[in-house]
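Structure at a glance
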Amino acid sequence: PGTTFGPANSVERLRMFVEVLSRVIARAEPSVALEAFRVGCEIVSIPHRVHHWLYEPVRNLLERSLVSLPPVQRGHLVIDCLEFPLPPGGQPISVQWPEPAGELFSRGTSPVRPPGETRWSACVANLLAAVRQAGTSRAQAVHRLAYLAAHGCLEQREREDFGRGLWSSGDPKRNGLPLDVDLFPHIVAALPGTDDSDPMGTARSYLFETALDSGIAEHIQLQNDVERRLHSIAAAALGSRLVARMLPSRKQAVELLDGIANTVASMPASDDPFRIQARERLISIAGNVVGFAILPQIESGDLTSPRLAFVERCAELGRGGGTIAGLHELTRMFPDLIAKVSADLRRAISRGDLHDIQGASRSIVDWGQAASVGRCPDLPESLKDAVIAALEVGVRPGLQPRLWCVRQLFQLNVFSAFQIESLSAALADFTRSLSYDQMPREGPEAVGITIARAEFFRLAHGLDAAGHACVGQTYDIESDPLPEVRYALTNLD
(Lines give C-alpha, C1' and ligand atoms only; values in the text may rest on other atoms or scores of the structure.)
Protein backbone atom coordinates (compact mmCIF):
# COMPACT_ATOMS: atom_id res chain seq x y z
CA PRO A 1 0.00 0.00 0.00
CA GLY A 2 1.17 3.49 -0.77
CA THR A 3 3.76 2.18 -3.28
CA THR A 4 3.66 3.55 -6.82
CA PHE A 5 5.27 2.02 -9.86
CA GLY A 6 6.49 4.19 -12.70
CA PRO A 7 7.55 2.99 -16.16
CA ALA A 8 11.08 2.17 -14.97
CA ASN A 9 9.75 0.04 -12.11
CA SER A 10 7.45 -1.85 -14.46
CA VAL A 11 10.24 -2.56 -16.93
CA GLU A 12 12.53 -3.72 -14.14
CA ARG A 13 9.86 -6.07 -12.74
CA LEU A 14 9.16 -7.50 -16.18
CA ARG A 15 12.87 -7.96 -16.81
CA MET A 16 13.22 -9.90 -13.58
CA PHE A 17 10.21 -12.12 -14.30
CA VAL A 18 11.38 -12.90 -17.85
CA GLU A 19 14.89 -13.75 -16.65
CA VAL A 20 13.55 -16.04 -13.92
CA LEU A 21 11.31 -17.78 -16.45
CA SER A 22 14.29 -18.31 -18.77
CA ARG A 23 16.21 -20.03 -15.97
CA VAL A 24 13.49 -22.51 -15.05
CA ILE A 25 12.23 -23.26 -18.55
CA ALA A 26 14.84 -26.00 -19.00
CA ARG A 27 12.79 -28.28 -16.75
CA ALA A 28 9.53 -27.63 -18.58
CA GLU A 29 7.59 -29.96 -20.81
CA PRO A 30 7.91 -29.23 -24.55
CA SER A 31 4.44 -27.68 -24.67
CA VAL A 32 5.35 -25.24 -21.89
CA ALA A 33 8.71 -24.43 -23.51
CA LEU A 34 6.89 -23.68 -26.75
CA GLU A 35 4.49 -21.38 -24.95
CA ALA A 36 7.44 -19.57 -23.33
CA PHE A 37 8.99 -19.11 -26.76
CA ARG A 38 5.74 -17.53 -27.98
CA VAL A 39 5.74 -15.20 -24.97
CA GLY A 40 9.24 -14.01 -25.80
CA CYS A 41 8.22 -13.34 -29.39
CA GLU A 42 5.14 -11.43 -28.26
CA ILE A 43 7.15 -9.14 -25.97
CA VAL A 44 9.23 -7.85 -28.89
CA SER A 45 6.46 -7.93 -31.50
CA ILE A 46 6.71 -4.12 -31.81
CA PRO A 47 10.49 -3.54 -31.74
CA HIS A 48 10.46 0.26 -31.32
CA ARG A 49 8.34 -0.05 -28.18
CA VAL A 50 10.62 -2.55 -26.42
CA HIS A 51 12.83 -1.12 -23.68
CA HIS A 52 16.48 -2.05 -24.14
CA TRP A 53 16.57 -3.46 -20.60
CA LEU A 54 14.48 -6.36 -21.91
CA TYR A 55 16.83 -7.34 -24.75
CA GLU A 56 19.02 -9.70 -22.72
CA PRO A 57 16.34 -11.53 -20.68
CA VAL A 58 14.16 -12.00 -23.77
CA ARG A 59 17.16 -13.35 -25.67
CA ASN A 60 17.85 -15.79 -22.83
CA LEU A 61 14.20 -16.89 -22.74
CA LEU A 62 14.07 -17.52 -26.49
CA GLU A 63 17.35 -19.43 -26.63
CA ARG A 64 16.68 -21.55 -23.55
CA SER A 65 13.13 -22.38 -24.55
CA LEU A 66 14.42 -23.52 -27.97
CA VAL A 67 17.03 -25.72 -26.31
CA SER A 68 14.33 -27.24 -24.10
CA LEU A 69 12.44 -28.49 -27.16
CA PRO A 70 13.23 -31.83 -28.83
CA PRO A 71 15.61 -31.24 -31.78
CA VAL A 72 12.97 -32.36 -34.30
CA GLN A 73 10.43 -29.89 -32.91
CA ARG A 74 12.90 -27.00 -33.18
CA GLY A 75 12.85 -27.39 -36.95
CA HIS A 76 9.16 -26.46 -37.00
CA LEU A 77 9.99 -23.07 -35.46
CA VAL A 78 12.48 -22.04 -38.14
CA ILE A 79 10.02 -19.81 -39.95
CA ASP A 80 9.02 -18.15 -36.65
CA CYS A 81 12.69 -17.40 -35.95
CA LEU A 82 13.21 -16.03 -39.45
CA GLU A 83 10.16 -13.77 -39.10
CA PHE A 84 11.35 -12.54 -35.70
CA PRO A 85 11.58 -8.72 -35.83
CA LEU A 86 14.91 -7.25 -36.85
CA PRO A 87 16.49 -4.84 -34.34
CA PRO A 88 15.24 -1.27 -34.38
CA GLY A 89 17.63 1.14 -36.03
CA GLY A 90 19.13 4.27 -34.52
CA GLN A 91 19.98 2.72 -31.14
CA PRO A 92 23.62 2.10 -30.16
CA ILE A 93 22.79 -1.10 -28.25
CA SER A 94 20.80 -2.78 -31.00
CA VAL A 95 23.57 -5.42 -31.25
CA GLN A 96 22.12 -6.92 -28.05
CA TRP A 97 18.81 -7.60 -29.81
CA PRO A 98 17.60 -11.22 -29.45
CA GLU A 99 18.36 -13.48 -32.40
CA PRO A 100 16.74 -16.93 -32.03
CA ALA A 101 17.71 -17.98 -35.55
CA GLY A 102 21.33 -17.83 -34.42
CA GLU A 103 20.61 -20.57 -31.86
CA LEU A 104 19.21 -22.81 -34.60
CA PHE A 105 22.19 -22.04 -36.87
CA SER A 106 24.78 -22.87 -34.19
CA ARG A 107 23.02 -26.14 -33.29
CA GLY A 108 22.71 -27.27 -36.89
CA THR A 109 18.91 -27.39 -36.90
CA SER A 110 17.85 -28.15 -40.47
CA PRO A 111 15.14 -25.88 -41.89
CA VAL A 112 12.45 -27.45 -44.02
CA ARG A 113 10.99 -25.08 -46.60
CA PRO A 114 7.76 -26.33 -48.19
CA PRO A 115 7.76 -25.77 -51.97
CA GLY A 116 5.74 -22.75 -53.05
CA GLU A 117 5.03 -21.62 -49.49
CA THR A 118 4.16 -17.91 -49.76
CA ARG A 119 4.93 -17.25 -46.09
CA TRP A 120 8.53 -18.32 -46.63
CA SER A 121 8.84 -16.30 -49.85
CA ALA A 122 7.58 -13.15 -48.15
CA CYS A 123 9.93 -13.66 -45.20
CA VAL A 124 12.98 -14.13 -47.43
CA ALA A 125 11.99 -11.04 -49.46
CA ASN A 126 11.90 -8.95 -46.29
CA LEU A 127 15.32 -10.22 -45.24
CA LEU A 128 16.77 -9.49 -48.68
CA ALA A 129 15.47 -5.93 -48.44
CA ALA A 130 17.16 -5.53 -45.04
CA VAL A 131 20.47 -6.82 -46.43
CA ARG A 132 20.53 -3.90 -48.87
CA GLN A 133 20.46 -1.44 -45.96
CA ALA A 134 23.28 -0.47 -43.60
CA GLY A 135 23.34 -1.08 -39.87
CA THR A 136 22.49 -3.76 -37.34
CA SER A 137 19.40 -4.94 -39.21
CA ARG A 138 21.64 -5.81 -42.17
CA ALA A 139 23.92 -7.89 -39.96
CA GLN A 140 21.10 -10.02 -38.55
CA ALA A 141 19.36 -10.34 -41.93
CA VAL A 142 22.64 -11.63 -43.43
CA HIS A 143 22.97 -14.09 -40.57
CA ARG A 144 19.48 -15.52 -41.16
CA LEU A 145 19.94 -15.77 -44.92
CA ALA A 146 23.35 -17.39 -44.40
CA TYR A 147 21.60 -20.02 -42.29
CA LEU A 148 19.19 -20.75 -45.14
CA ALA A 149 21.94 -20.68 -47.77
CA ALA A 150 24.08 -23.14 -45.79
CA HIS A 151 21.17 -25.60 -45.78
CA GLY A 152 20.31 -25.04 -49.45
CA CYS A 153 16.94 -23.43 -48.68
CA LEU A 154 17.22 -20.41 -50.97
CA GLU A 155 15.87 -20.43 -54.50
CA GLN A 156 18.28 -19.52 -57.30
CA ARG A 157 16.85 -16.02 -57.74
CA GLU A 158 17.03 -15.44 -53.99
CA ARG A 159 20.66 -16.59 -53.91
CA GLU A 160 21.53 -14.12 -56.65
CA ASP A 161 19.75 -11.28 -54.85
CA PHE A 162 21.48 -12.26 -51.62
CA GLY A 163 24.88 -12.15 -53.30
CA ARG A 164 24.25 -8.70 -54.75
CA GLY A 165 23.06 -7.30 -51.44
CA LEU A 166 25.81 -8.96 -49.42
CA TRP A 167 28.66 -7.61 -51.56
CA SER A 168 27.08 -4.20 -52.20
CA SER A 169 29.45 -2.56 -49.69
CA GLY A 170 32.89 -3.67 -48.55
CA ASP A 171 35.04 -2.99 -45.50
CA PRO A 172 38.44 -1.59 -46.59
CA LYS A 173 39.94 -2.54 -43.22
CA ARG A 174 39.15 -6.20 -43.91
CA ASN A 175 40.31 -6.52 -47.51
CA GLY A 176 36.86 -5.77 -48.92
CA LEU A 177 34.83 -8.30 -46.91
CA PRO A 178 31.16 -7.27 -46.65
CA LEU A 179 30.52 -4.31 -44.38
CA ASP A 180 28.29 -4.63 -41.31
CA VAL A 181 28.52 -8.43 -41.30
CA ASP A 182 29.63 -10.25 -38.15
CA LEU A 183 30.11 -13.71 -39.68
CA PHE A 184 33.57 -15.28 -39.82
CA PRO A 185 35.27 -14.82 -43.21
CA HIS A 186 35.32 -18.53 -44.02
CA ILE A 187 31.52 -18.58 -43.64
CA VAL A 188 31.18 -15.51 -45.85
CA ALA A 189 33.32 -17.30 -48.46
CA ALA A 190 30.69 -20.05 -48.68
CA LEU A 191 27.85 -17.59 -49.35
CA PRO A 192 26.66 -16.42 -52.77
CA GLY A 193 28.75 -13.81 -54.60
CA THR A 194 28.44 -11.76 -57.75
CA ASP A 195 30.23 -11.68 -61.09
CA ASP A 196 32.41 -8.87 -59.72
CA SER A 197 33.21 -10.45 -56.34
CA ASP A 198 35.48 -13.30 -55.26
CA PRO A 199 34.22 -14.50 -51.85
CA MET A 200 36.84 -17.22 -51.41
CA GLY A 201 39.73 -15.07 -52.61
CA THR A 202 38.68 -12.11 -50.46
CA ALA A 203 38.37 -14.27 -47.34
CA ARG A 204 41.75 -15.95 -47.90
CA SER A 205 43.37 -12.59 -48.58
CA TYR A 206 42.15 -11.19 -45.26
CA LEU A 207 43.01 -14.33 -43.29
CA PHE A 208 46.33 -15.42 -44.73
CA GLU A 209 47.84 -12.96 -47.19
CA THR A 210 48.05 -9.77 -45.15
CA ALA A 211 51.00 -9.33 -42.80
CA LEU A 212 50.20 -9.00 -39.11
CA ASP A 213 50.85 -5.55 -37.66
CA SER A 214 53.59 -6.01 -35.06
CA GLY A 215 53.39 -2.43 -33.79
CA ILE A 216 50.41 -2.98 -31.50
CA ALA A 217 52.02 -2.33 -28.13
CA GLU A 218 50.78 1.26 -27.89
CA HIS A 219 47.63 0.96 -30.00
CA ILE A 220 44.62 -0.75 -28.43
CA GLN A 221 42.59 -0.62 -31.65
CA LEU A 222 45.40 -2.29 -33.60
CA GLN A 223 45.58 -5.01 -30.96
CA ASN A 224 41.84 -5.52 -31.19
CA ASP A 225 42.09 -5.81 -34.98
CA VAL A 226 44.92 -8.36 -34.70
CA GLU A 227 43.03 -10.40 -32.12
CA ARG A 228 39.90 -10.35 -34.25
CA ARG A 229 41.84 -11.62 -37.23
CA LEU A 230 43.54 -14.36 -35.20
CA HIS A 231 40.13 -15.47 -33.89
CA SER A 232 38.90 -15.63 -37.50
CA ILE A 233 41.90 -17.71 -38.62
CA ALA A 234 41.38 -20.21 -35.79
CA ALA A 235 37.65 -20.48 -36.55
CA ALA A 236 38.39 -21.04 -40.24
CA ALA A 237 40.86 -23.79 -39.39
CA LEU A 238 38.28 -25.56 -37.22
CA GLY A 239 35.37 -25.28 -39.67
CA SER A 240 31.93 -26.54 -38.70
CA ARG A 241 29.28 -29.07 -39.63
CA LEU A 242 28.05 -26.92 -42.49
CA VAL A 243 31.17 -25.03 -43.58
CA ALA A 244 34.42 -26.75 -44.53
CA ARG A 245 37.75 -25.88 -42.93
CA MET A 246 39.87 -23.16 -44.52
CA LEU A 247 43.61 -23.57 -43.95
CA PRO A 248 46.65 -21.57 -45.05
CA SER A 249 49.13 -22.97 -47.53
CA ARG A 250 52.43 -24.24 -46.16
CA LYS A 251 54.16 -20.99 -47.10
CA GLN A 252 51.38 -18.91 -45.57
CA ALA A 253 51.50 -20.99 -42.38
CA VAL A 254 55.22 -20.32 -41.96
CA GLU A 255 54.76 -16.60 -42.59
CA LEU A 256 51.86 -16.54 -40.15
CA LEU A 257 53.95 -18.24 -37.46
CA ASP A 258 56.73 -15.68 -37.89
CA GLY A 259 54.21 -12.84 -37.89
CA ILE A 260 52.65 -14.04 -34.65
CA ALA A 261 56.05 -14.46 -32.98
CA ASN A 262 57.09 -10.95 -34.03
CA THR A 263 53.79 -9.49 -32.85
CA VAL A 264 54.16 -11.09 -29.42
CA ALA A 265 57.78 -9.95 -29.24
CA SER A 266 56.72 -6.37 -30.02
CA MET A 267 54.86 -6.24 -26.72
CA PRO A 268 57.64 -5.58 -24.19
CA ALA A 269 57.66 -7.09 -20.72
CA SER A 270 56.01 -4.83 -18.16
CA ASP A 271 54.95 -4.74 -14.53
CA ASP A 272 51.68 -3.11 -15.52
CA PRO A 273 48.95 -5.71 -14.83
CA PHE A 274 46.90 -4.49 -17.79
CA ARG A 275 49.83 -4.94 -20.18
CA ILE A 276 50.59 -8.35 -18.70
CA GLN A 277 46.97 -9.38 -19.19
CA ALA A 278 46.94 -8.07 -22.78
CA ARG A 279 50.15 -9.95 -23.61
CA GLU A 280 48.91 -13.22 -22.13
CA ARG A 281 45.56 -12.86 -23.91
CA LEU A 282 47.36 -12.37 -27.23
CA ILE A 283 49.51 -15.45 -26.63
CA SER A 284 46.40 -17.47 -25.76
CA ILE A 285 44.57 -16.36 -28.92
CA ALA A 286 47.71 -16.90 -31.03
CA GLY A 287 48.01 -20.39 -29.56
CA ASN A 288 44.70 -21.38 -31.16
CA VAL A 289 46.08 -20.34 -34.55
CA VAL A 290 49.33 -22.23 -33.95
CA GLY A 291 47.53 -25.40 -32.90
CA PHE A 292 44.66 -25.45 -35.40
CA ALA A 293 45.98 -23.64 -38.49
CA ILE A 294 49.78 -23.68 -38.51
CA LEU A 295 51.07 -26.98 -37.14
CA PRO A 296 48.85 -29.12 -39.45
CA GLN A 297 50.23 -27.31 -42.51
CA ILE A 298 53.99 -27.12 -41.97
CA GLU A 299 56.78 -29.70 -42.29
CA SER A 300 59.81 -30.50 -40.18
CA GLY A 301 62.11 -28.33 -42.27
CA ASP A 302 59.99 -25.28 -41.48
CA LEU A 303 60.35 -25.59 -37.70
CA THR A 304 63.70 -23.97 -36.99
CA SER A 305 64.89 -23.85 -33.40
CA PRO A 306 63.45 -20.35 -32.72
CA ARG A 307 60.11 -21.33 -34.25
CA LEU A 308 59.94 -24.57 -32.27
CA ALA A 309 60.83 -22.68 -29.09
CA PHE A 310 57.95 -20.27 -29.71
CA VAL A 311 55.54 -23.18 -30.29
CA GLU A 312 56.64 -24.77 -27.01
CA ARG A 313 56.18 -21.46 -25.25
CA CYS A 314 52.59 -21.19 -26.50
CA ALA A 315 51.98 -24.78 -25.38
CA GLU A 316 52.83 -24.11 -21.74
CA LEU A 317 50.08 -24.98 -19.28
CA GLY A 318 47.75 -22.13 -18.44
CA ARG A 319 48.05 -20.38 -21.81
CA GLY A 320 44.72 -21.30 -23.35
CA GLY A 321 45.31 -24.85 -24.53
CA GLY A 322 45.07 -24.00 -28.25
CA THR A 323 48.63 -24.96 -29.14
CA ILE A 324 48.32 -28.08 -27.01
CA ALA A 325 45.52 -29.16 -29.37
CA GLY A 326 48.08 -29.36 -32.20
CA LEU A 327 51.00 -30.98 -30.38
CA HIS A 328 50.38 -34.36 -32.01
CA GLU A 329 51.48 -32.82 -35.32
CA LEU A 330 55.03 -32.72 -33.92
CA THR A 331 55.10 -36.52 -33.87
CA ARG A 332 54.43 -36.49 -37.61
CA MET A 333 57.38 -34.17 -38.21
CA PHE A 334 59.76 -35.40 -35.50
CA PRO A 335 59.29 -39.07 -34.53
CA ASP A 336 61.93 -38.67 -31.80
CA LEU A 337 59.54 -36.29 -29.99
CA ILE A 338 56.84 -38.94 -29.44
CA ALA A 339 57.81 -39.53 -25.82
CA LYS A 340 57.98 -35.79 -25.03
CA VAL A 341 54.67 -34.98 -26.73
CA SER A 342 53.01 -37.91 -24.96
CA ALA A 343 54.35 -36.70 -21.61
CA ASP A 344 53.15 -33.14 -22.29
CA LEU A 345 49.65 -34.38 -23.17
CA ARG A 346 49.51 -36.63 -20.11
CA ARG A 347 50.44 -33.71 -17.91
CA ALA A 348 47.89 -31.41 -19.56
CA ILE A 349 44.95 -33.81 -19.35
CA SER A 350 45.67 -34.77 -15.75
CA ARG A 351 46.94 -31.52 -14.17
CA GLY A 352 46.03 -28.68 -16.53
CA ASP A 353 43.20 -26.20 -16.26
CA LEU A 354 39.99 -26.54 -18.25
CA HIS A 355 41.47 -25.06 -21.45
CA ASP A 356 44.56 -27.27 -21.18
CA ILE A 357 42.36 -30.34 -20.74
CA GLN A 358 40.26 -29.36 -23.75
CA GLY A 359 43.35 -28.87 -25.89
CA ALA A 360 44.94 -32.13 -24.78
CA SER A 361 41.70 -34.05 -25.40
CA ARG A 362 41.47 -32.63 -28.90
CA SER A 363 45.10 -33.45 -29.67
CA ILE A 364 44.84 -37.01 -28.38
CA VAL A 365 41.73 -37.69 -30.47
CA ASP A 366 43.26 -36.10 -33.57
CA TRP A 367 46.42 -38.15 -32.98
CA GLY A 368 44.35 -41.33 -32.88
CA GLN A 369 42.50 -40.37 -36.08
CA ALA A 370 45.75 -39.46 -37.86
CA ALA A 371 47.34 -42.74 -36.75
CA SER A 372 44.39 -44.70 -38.15
CA VAL A 373 45.23 -43.42 -41.65
CA GLY A 374 49.01 -43.62 -41.26
CA ARG A 375 49.61 -39.87 -40.95
CA CYS A 376 51.04 -40.08 -37.42
CA PRO A 377 52.61 -42.87 -35.36
CA ASP A 378 50.35 -44.96 -33.13
CA LEU A 379 49.11 -43.58 -29.83
CA PRO A 380 51.41 -44.68 -26.97
CA GLU A 381 49.79 -47.11 -24.55
CA SER A 382 50.89 -44.91 -21.65
CA LEU A 383 48.88 -42.03 -23.07
CA LYS A 384 45.75 -44.15 -23.44
CA ASP A 385 46.19 -45.36 -19.86
CA ALA A 386 46.56 -41.75 -18.69
CA VAL A 387 43.28 -40.74 -20.36
CA ILE A 388 41.42 -43.48 -18.49
CA ALA A 389 43.25 -42.73 -15.25
CA ALA A 390 42.16 -39.08 -15.52
CA LEU A 391 38.56 -40.30 -15.13
CA GLU A 392 39.32 -42.32 -12.04
CA VAL A 393 39.79 -39.20 -9.93
CA GLY A 394 36.03 -38.64 -10.10
CA VAL A 395 34.07 -35.43 -10.60
CA ARG A 396 36.63 -32.69 -11.27
CA PRO A 397 36.83 -29.61 -13.49
CA GLY A 398 37.37 -30.67 -17.09
CA LEU A 399 35.40 -33.90 -16.76
CA GLN A 400 33.34 -33.36 -19.93
CA PRO A 401 36.30 -33.04 -22.37
CA ARG A 402 37.96 -36.06 -20.73
CA LEU A 403 34.80 -38.13 -21.21
CA TRP A 404 34.52 -36.87 -24.81
CA CYS A 405 38.13 -37.87 -25.46
CA VAL A 406 37.56 -41.39 -24.13
CA ARG A 407 34.36 -41.77 -26.17
CA GLN A 408 36.11 -40.74 -29.38
CA LEU A 409 39.04 -43.09 -28.73
CA PHE A 410 36.61 -45.93 -27.99
CA GLN A 411 34.94 -45.30 -31.34
CA LEU A 412 38.38 -45.46 -32.98
CA ASN A 413 38.83 -48.92 -31.38
CA VAL A 414 42.26 -48.12 -29.92
CA PHE A 415 41.67 -49.52 -26.41
CA SER A 416 42.76 -53.01 -25.35
CA ALA A 417 40.37 -55.35 -23.58
CA PHE A 418 42.06 -54.58 -20.25
CA GLN A 419 41.73 -50.82 -20.84
CA ILE A 420 38.03 -51.17 -21.64
CA GLU A 421 37.56 -53.17 -18.45
CA SER A 422 39.28 -50.39 -16.46
CA LEU A 423 37.13 -47.80 -18.24
CA SER A 424 33.90 -49.66 -17.45
CA ALA A 425 34.87 -49.88 -13.80
CA ALA A 426 35.64 -46.17 -13.65
CA LEU A 427 32.31 -45.26 -15.25
CA ALA A 428 30.36 -47.45 -12.85
CA ASP A 429 31.46 -45.14 -10.04
CA PHE A 430 30.08 -42.11 -11.92
CA THR A 431 26.52 -43.42 -11.80
CA ARG A 432 26.24 -42.24 -8.21
CA SER A 433 28.61 -39.24 -8.23
CA LEU A 434 26.83 -37.66 -11.23
CA SER A 435 23.35 -38.12 -9.81
CA TYR A 436 21.56 -34.86 -9.08
CA ASP A 437 21.49 -35.38 -5.32
CA GLN A 438 25.27 -35.87 -5.27
CA MET A 439 26.29 -33.10 -7.68
CA PRO A 440 28.48 -30.36 -6.20
CA ARG A 441 26.61 -27.10 -5.72
CA GLU A 442 29.64 -24.82 -5.42
CA GLY A 443 33.25 -24.59 -6.54
CA PRO A 444 34.89 -25.28 -9.91
CA GLU A 445 33.49 -28.83 -10.01
CA ALA A 446 29.97 -27.41 -10.36
CA VAL A 447 30.85 -25.61 -13.60
CA GLY A 448 29.81 -27.65 -16.63
CA ILE A 449 28.54 -30.53 -14.55
CA THR A 450 25.37 -30.98 -16.62
CA ILE A 451 27.26 -31.29 -19.92
CA ALA A 452 29.59 -33.75 -18.20
CA ARG A 453 26.52 -35.77 -17.20
CA ALA A 454 25.33 -35.69 -20.83
CA GLU A 455 28.75 -36.83 -22.08
CA PHE A 456 28.79 -39.62 -19.50
CA PHE A 457 25.55 -41.04 -20.86
CA ARG A 458 26.84 -40.81 -24.45
CA LEU A 459 29.91 -42.82 -23.49
CA ALA A 460 27.93 -45.30 -21.40
CA HIS A 461 25.50 -45.75 -24.30
CA GLY A 462 28.37 -46.56 -26.66
CA LEU A 463 29.90 -49.06 -24.26
CA ASP A 464 26.57 -50.74 -23.57
CA ALA A 465 25.82 -50.98 -27.31
CA ALA A 466 29.16 -52.74 -27.79
CA GLY A 467 28.38 -55.23 -25.02
CA HIS A 468 30.39 -53.63 -22.21
CA ALA A 469 27.92 -53.01 -19.37
CA CYS A 470 29.14 -50.13 -17.23
CA VAL A 471 26.20 -48.20 -15.75
CA GLY A 472 24.91 -51.08 -13.69
CA GLN A 473 21.28 -50.00 -13.89
CA THR A 474 18.86 -48.75 -16.50
CA TYR A 475 18.33 -44.99 -16.56
CA ASP A 476 15.51 -43.31 -18.46
CA ILE A 477 17.51 -40.50 -20.05
CA GLU A 478 14.48 -39.12 -21.89
CA SER A 479 12.87 -38.15 -18.57
CA ASP A 480 15.93 -36.25 -17.32
CA PRO A 481 14.96 -32.72 -16.20
CA LEU A 482 17.72 -30.96 -18.16
CA PRO A 483 17.71 -30.72 -21.98
CA GLU A 484 21.49 -31.19 -22.29
CA VAL A 485 21.04 -34.67 -20.85
CA ARG A 486 17.55 -35.37 -22.17
CA TYR A 487 18.65 -35.02 -25.80
CA ALA A 488 22.24 -36.19 -25.34
CA LEU A 489 21.82 -39.25 -27.55
CA THR A 490 20.36 -37.26 -30.47
CA ASN A 491 23.78 -35.67 -31.12
CA LEU A 492 26.75 -38.00 -30.82
CA ASP A 493 29.41 -35.87 -32.57
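Residues numbered from 1 in each chain as written. Predicted model: local features only at pLDDT ≥ 70, side-chain atom pairs only at ≥ 80, totals over all residues. Heavy atoms only, no water.

**Looking at the overall build of the protein**
A tally of helices and strands in the protein yields 23 helices and two strands. For the protein, the C-alpha atoms occupy an extent of roughly 65 × 55 × 55 Å along the three principal directions. Evaluated residue by residue, the protein yields a buried proportion of 50% over its 493 residues. Restricting the contact set of the protein to residue pairs at least 6 apart, pairs at least 24 apart contribute 71%. With 49 positive and 58 negative side-chain charges, the protein shows a spacing of 2 Å between the two charge centroids. (Helix = DSSP H or I, 4+ residues; strand = E, 2+ residues; numbered from the N terminus. Buried < 20%, exposed > 50% of the residue type's maximum accessible area, 1.4 Å probe, protein only. Contact = heavy atoms within 4.5 Å. Lys, Arg positive; Asp, Glu negative; His and termini not counted. Charge placed at Lys NZ, Arg CZ, Asp CG, Glu CD.)

**Some points on the nonpolar core**
Among the nonpolar cores identified, the biggest contains 139 residues, and Phe162, Leu230 and Ile260 are the most heavily contacted of them. A per-element tally of this core places helix α14 (residues 273–294) first, with ten residues. (Core = buried A, V, L, I, M, F, W, Y, C linked by side-chain atoms within 4.5 Å.)

**Some details on unusual backbone geometry**
Of note, Asn175 is a non-glycine position whose phi angle comes to about 60°, a positive value. Looking at the secondary structure, you find Asn175 in the loop between β1 (170–171) and β2 (177–178). Of note in the backbone geometry, Asp180 takes a positive phi value of approximately 60° without being a glycine. With respect to the element layout, Asp180 can be found in the loop between β2 and α10 (185–188).

**Structural notes on helix α8 (residues 136–150)**
Structural remark: α-helix, 3.6 residues per turn; residues separated by three or four positions point the same way. Between its first and last C-alpha atoms α8 spans 21 Å; for 15 residues at 1.5 Å apiece the expected length is 21 Å, and the two agree. Downstream of α8 by a residue or two, Gly152 has a phi angle that is positive, lying close to 70°. (Expected span 1.5 Å × (residues − 1).)

**Section: the confidence of the model for the protein**
Confidence in the prediction of the protein, expressed as mean pLDDT, is 88, and 92% of residues score 70 or more. When pLDDT is averaged over each helix and strand of the protein, the minimum, 84, is found for helix α21 (residues 417–433) and the maximum, 97, for helix α16 (residues 328–333). Within the model, the stretch residues 1–5 combines pLDDT values under 50 with three contacts to residues more than four positions away or in other chains. (pLDDT = per-residue confidence, 0-100.)

**Considering the packing of α21 against helix α22 (residues 449–465)**
Put simply, α21 and α22 touch, their axes get as near as 11 Å, and they point 135° apart. Between α21 and α22, the angle is such that the two are oblique. As for how α21 packs across α22, the hand of that crossing is left-handed. Between α21, through Ile420, Leu423, Leu427, Phe430 and Thr431, and α22, the contact on the second element is made entirely by Phe456, Leu459 and Leu463. Split by residue class, the contact of α21 with α22 holds seven nonpolar, one polar and no charged. (Axes fitted to C-alpha atoms, helices over the stretch in contact; angles between N-to-C directions. Parallel < 35°, antiparallel > 145°, perpendicular 65-115°, else oblique. Left-handed = near helix turned anticlockwise from the far one by under 90°. Nonpolar A, V, L, I, M, F, W, Y, C, P; charged D, E, K, R; others polar.)

**Re the state of the cysteines**
Applying the stated criterion across every chain yields a total of zero disulfides. Note on Cys41: no disulfide assigned, nearest cysteine sulfur contributed by Cys81 at a separation of 6.8 Å. Assessed through its relative accessible area of 18%, Cys41 is described here as buried. Cysteine Cys314 is unpaired, with the sulfur of Cys376 as its nearest cysteine sulfur at 20 Å. The exposure class of Cys314 is buried, given its relative accessible area of 3%. (Disulfide = S-S within 2.5 Å.)

**Considering the packing of aromatic side chains**
Per the counting criterion, the structure on display carries four aromatic pairs. When the ring of Phe105 is compared with that of Tyr147, the centres are 5.4 Å apart and the planes differ by 45°; the resulting orientation is tilted. Pair noted here: Phe105 is in helix α6 (residues 100–106) and Tyr147 is in helix α8, with a separation of 42 residues, a long-range link. Of the two residues examined, Phe105 and Tyr147, each falls in the buried class. Ring geometry for Phe456 and Phe457: centres 5.1 Å apart, planes at 65°, overall edge-to-face. Grouping residues by exposure puts Phe456 and Phe457 together as buried. Ring-pair connections join several aromatic residues into one group, and the members of that group are Tyr55, Phe84 and Trp97. Geometry around Tyr206 places Arg174 over its ring, the cationic atom sitting 5.1 Å from the centre. (Phe/Tyr/Trp six-rings, centres within 6.5 Å; stacked < 30°, edge-to-face > 60°. Lys NZ or Arg CZ within 6 Å of the ring centre and 35° of its normal.)

**Describing the packing of α14 against helix α15 (residues 305–314)**
Running from amino to carboxyl end, α14 crosses α15 at an angle of 110°, the nearest separation of the two axes being 9 Å. When the axes of α14 and α15 are compared, the pair comes out roughly perpendicular. In terms of crossing hand, the pair formed by α14 and α15 is left-handed. Every residue of α15 that contacts α14 at Arg279, Ile283, Gly287 and Val290 is listed here: Val311, Arg313 and Cys314. The class makeup of the residues in the contact of α14 with α15 is four nonpolar, one polar and two charged.

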